[in-house]
Amino acid sequence: MRINPVAGQATRERMGGMNQAAGIYLSIPFCKAKCSFCNFASDVFAASRMQGYIDRLCAEIRAARAVARSRGAAFPDSFDSIYFGGGTPSLLEPALFRQIFDCLRDEFAFTGMPEITVECAPGQLSDATLEELQRQGMNRLSFGVQSFVDRETSAVGRLHSPQDCLDELARVGRAGVGRLALDLIVGLPHQTAESWLHSVDQAITSGVEHVSVYMLEVDEDSRLGREALAHGSRYHAPHLPDEDAAADWYVAACERLADAGIEQYEISNFARTGGESRHNLKYWSRDPYLGFGLDAHSMLHTSASQTQAVRWANTSDFDAYLGSPSNNPLAARFVPSSKPEVDRVDEDAAFEETMFLGLRLNRGIDLDSVQAKFGISRVAAMLEGLRDVETAGLVEGQGNRLRLTDRGRMVSNEVFSRLLLQPAT
């Protein structure tokens, strides 16, 4: 069975709310191995805990309306994207995916043909799971390749070889999955300009429609990041490339991908024509989305406004998510007093979000639309605050649109800081 426009009990009459189609994110935190660079809430949890986790996930899904109502949020009329992230969602057995899709079908209405994405690690998607996902309507797979160079992937704990990646892409293509994506990371240990461009070229020749290029994050939230900051020798930290060199390699990737017809549409994302991620575009456009599972985030507009919103996030502690009453507000019986902290996005914060999220997109921001939503005074103050970065060549105006320049995308946080410093009006 497939997710369809109106299924189970989830009719438009029952759901009510806004007309804007929303997205659903499902966090599946299970991994076969924890990569040294990973700063997500995922780990090598015992496979025996998967059933309990999915039971908890479905309880959270069933409580979604009550949660939204308790927070003054408008529950969406329909949804048009589902994204399984992780972790490695492809590790789930077919029956667990079937349980999740049955729950989604019972609770929500879907419009048109939803984009349904599942993240995978090469070599960690069984034939049985692939067949079940296709039965459920999955139409997009995203592979965490990171590099097509053995030395680089083994240094950070990846379990696949470059040939594994190519074989996997060919296998799922033969199975009929038409929409394929992969991730690359620039700045891995032992990476060089030549090895980086080899990975980029392999991504191009693989034929995937979508490529994400991420700069390695060196922070306290990963083992590699902590080791590098401490100037230690573990996890190949001494072999991290220079940050300026990695930035140059990122620019080279942008050029190489564009030459191959894989155009940049967001700071880290590139796609062939029509291959953009519908789900991820929701984040940058401030469209509503619901997140379920460990460390998942949600954003819904308020019942009275298309701009003001409420945001909240689940705990990143696995045991707390599964069982602690103080962190389990979404059990079968909704308990309002135990809900997590909610961030209420007022008109000023919504304006700031609209600007810095919209500027991540290559198309930039439609200033006429922003002015209609937030008023001329906010837009005028924002433009005044950006004059210095415009003079520096980091932003540019094209008709009624404001966008980052190629150089501006390299130092986007410098531009975004100007937006966050704008005074409330």
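Because the structure is a prediction, the values reported are computed rather than measured.

Visitor: So what's going on with the domain arrangement of the protein? Which residues, and what values?
Guide: We note that the domain assignment places domain 1 (22–284) and domain 2 (347–424) within the protein. For domain 1 and domain 2, the distance between their C-alpha centres works out to 29 Å. Both sides together, the interface formed by domain 1 and domain 2 hides about 920 Å², and carbon and sulfur atoms give 60% of it. Notably, a salt bridge pairs arginine 360 with glutamate 266, separated by 2.5 Å at the nearest N-O pair. Summed over the shared surface of domain 1 and domain 2, the number is five residue pairs in polar contact (both at pLDDT 80 or more).

Visitor: Which residues make up a nonpolar patch on the surface, and what values do they have?
Guide: A cluster of nonpolar side chains, namely Val251, Met410 and Val411, defines an oily patch on the protein surface of about 190 Å² accessible area. Note that valine 411 resides in the loop between helix H17 (406–410) and helix H18 (412–420).

Visitor: Outline the packing of aromatic side chains, supporting the account with residue identities and numerical values.
Guide: Applying the stated criterion across every chain yields a total of 18 aromatic pairs. Look at phenylalanine 84 and phenylalanine 97: their rings are 5.3 Å apart centre to centre, the planes differ by 70°, and that puts the pair in the edge-to-face class. With phenylalanine 84 in strand E2 (residues 79–86) and phenylalanine 97 in helix H4 (residues 94–107), this residue pair connects regions lying 13 residues apart in the sequence. Among the aromatic residues, those joined into a ring-pair cluster are Phe30, Phe45, Tyr53, Phe318 and Tyr321. Here the basic side chain of arginine 56 rests over the ring of tyrosine 321, its NZ or CZ set 4.1 Å away from the ring centre. We note arginine 71 situated over the ring of tryptophan 312; from NZ or CZ to the ring centre the distance is 4.6 Å.

Visitor: How would you summarise the environment of methionine 50 if you had to cite specific residues and measurements?
Guide: Tracing the backbone shows methionine 50 in helix H2 (residues 50–62). Overall, the relative accessible area of 9% leaves methionine 50 in the buried class. Contact partners of methionine 50, with chain neighbours within four places excluded, come to Phe30, Leu91, Leu92 and Leu96.

Scoring rules and cut-offs
- Residues numbered from 1 in each chain as written.
- Predicted model: local features only at pLDDT ≥ 70, side-chain atom pairs only at ≥ 80, totals over all residues.
- Heavy atoms only, no water.
- Domains from an automatic or database assignment.
- Buried area = accessible area lost by both parts, 1.4 Å probe.
- Salt bridge = Lys/Arg side-chain N within 4 Å of Asp/Glu carboxyl O.
- Polar contact = N/O pair within 3.5 Å; in protein donor to acceptor, adjacent residues only side chain to side chain.
- Patch = residues over 30% accessible without salt bridge, like charges linked within 9 Å, V, L, I, M, F, W, Y side chains within 5 Å.
- Areas by Shrake-Rupley, 256 points an atom, 1.4 Å probe, with all protein chains shown as cover.
- Helix = DSSP H or I, 4+ residues; strand = E, 2+ residues; numbered from the N terminus.
- Phe/Tyr/Trp six-rings, centres within 6.5 Å; stacked < 30°, edge-to-face > 60°.
- Lys NZ or Arg CZ within 6 Å of the ring centre and 35° of its normal.
- Buried < 20%, exposed > 50% of the residue type's maximum accessible area, 1.4 Å probe, protein only.
- Contact = heavy atoms within 4.5 Å.

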